Amino acid sequence: MFGIAATLFPLRKPSLDGTLMACCPLQSRLFMKRIILAGALALLAAPAAAQEVIASYYAYLSPQDLRNSRGIRLADIGAILQQDRANFHRFGLRDGMDEHDPLFASSATRARIPELYARGPGAPGYIVDLLRRGETRFVHVRIIGRGGRPDYIEVYEGAG
């Protein structure tokens, strides 16, 4: 026990002028290095901002959402989601079950939808297959992020 305490708290002895000095300068430097290392590790262990649902909406992906503004058929789900939001915000082509979202009103944020979708887990396979075959689907879209900034998009079946 005495050895552990001596390592953590170096013994001190009075010097000739009455001030205290470490018994062993090496122990004192080692102690300071441990303090600095412990502080650095505590800073690294600080929790990062947790990801959270920053927005969500329901959308009916109808035939008008399955083609881009030039009429070209879309096969990529991220592009279909982007077209749905462009139809909703820019062109006013809203399906009866489409909900408003607080993030994709500007063309700059809509342009990020394919990338955000690609970063996420993707939609369930059957939804992807149905949309690629040109069938419509009602979906629930969740935007996950930190501090109000989107990191990725999740897509789920909208019913139920």
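Residues numbered from 1 in each chain as written. Predicted model: local features only at pLDDT ≥ 70, side-chain atom pairs only at ≥ 80, totals over all residues. Heavy atoms only, no water.

Here's the deal with the overall build of the protein
Here's step 1: For the protein, the helix and strand inventory stands at six helices and five strands.
Here's step 2: Listing the helices and strands of the protein from first to last along the sequence gives α-β-β-α-β-α-α-α-α-β-β.
Here's step 3: Within the span of the protein, comprising 160 residues, buried residues form 32% of the whole.
Here's step 4: Contacts in the protein between residues at least 24 apart in sequence constitute 55% of all its contacts with a sequence separation of at least 6.
Here's step 5: Carbon and sulfur atoms form 61% of the exposed surface of the protein, whose accessible area is close to 10,000 Å². (Helix = DSSP H or I, 4+ residues; strand = E, 2+ residues; numbered from the N terminus. Buried < 20%, exposed > 50% of the residue type's maximum accessible area, 1.4 Å probe, protein only. Contact = heavy atoms within 4.5 Å. Areas by Shrake-Rupley, 256 points an atom, 1.4 Å probe, with all protein chains shown as cover.)

Some thoughts on helix α3 (residues 77-89)
Spacing of three or four residues puts side chains on the same side of an α-helix, whose turn is 3.6 residues.
Here's step 1: With 13 residues, α3 extends 18 Å between its outermost C-alpha atoms, agreeing within 8% with the 18 Å of an ideal straight helix rising 1.5 Å per residue.
Here's step 2: Within α3, 12 of the 13 residues are buried, which leaves the element mostly enclosed by the surrounding structure. (Expected span 1.5 Å × (residues − 1).)

Brief notes about the nonpolar core
Here's step 1: In terms of nonpolar packing, the biggest core is built from 23 residues, with Leu-81 and Ile-153 touching the most fellow members.
Here's step 2: For this core, the elements supplying multiple residues, two or more each, are β3 (52-61), α3, α5 (113-119), α6 (125-132), β4 (137-146) and β5 (149-157).
Here's step 3: Excluding residues within four positions of it along the chain, Leu-81 makes contact with Leu-61, Ile-113, Tyr-117, Val-141, Ile-153 and Val-155. (Core = buried A, V, L, I, M, F, W, Y, C linked by side-chain atoms within 4.5 Å.)

With respect to the environment of Pro-102
Here's step 1: When you line up the elements, Pro-102 lands in the loop between α3 and α4 (107-110).
Here's step 2: Judged by relative accessible area, which is 58%, Pro-102 ranks as exposed.
Here's step 3: In the structure, Pro-102 is positioned 47 residues away from Ala-55 in sequence and 7.0 Å away in space, judged by C-alpha atoms.

Details of the environment of Val-155
Here's step 1: Mapped onto the elements, Val-155 comes out in strand β5.
Here's step 2: Sequence separation between Val-155 and Ile-77 is 78 residues; the distance between their C-alpha atoms is 9.5 Å.
Here's step 3: If we ignore the near neighbours within four places in the chain, the residues touching Val-155 are Leu-81, Tyr-117, Gly-122, Ala-123, Pro-124, Val-139 and His-140.

A few points about the pairing of β5
Here's step 1: Sheet topology places β4 next to β5; eight bridges connect them, and they run antiparallel. Opposite Ile-143, over in β5, you have Ile-153 as the bridge partner.
Here's step 2: From the end of β4 to the start of β5, which pair antiparallel, there are two residues, and Gly-147 there has a positive phi angle of about 55°. (Pairing = 2+ DSSP bridges.)

Structural notes on the sheet that holds β5
Here's step 1: Taken in spatial order, the three strands line up as β3-β4-β5 in an open sheet, and their pairing is antiparallel. The open sheet has two edge strands, β3 and β5, and neither has a second partner. Going from strand to strand, the sheet's axes swing by 20° on average, the running direction of each strand aside.
Here's step 2: On the sheet, α3 packs against β3, β4 and β5 and is oriented at approximately 80° with respect to β3. (Axes fitted to C-alpha atoms, helices over the stretch in contact; angles between N-to-C directions.)

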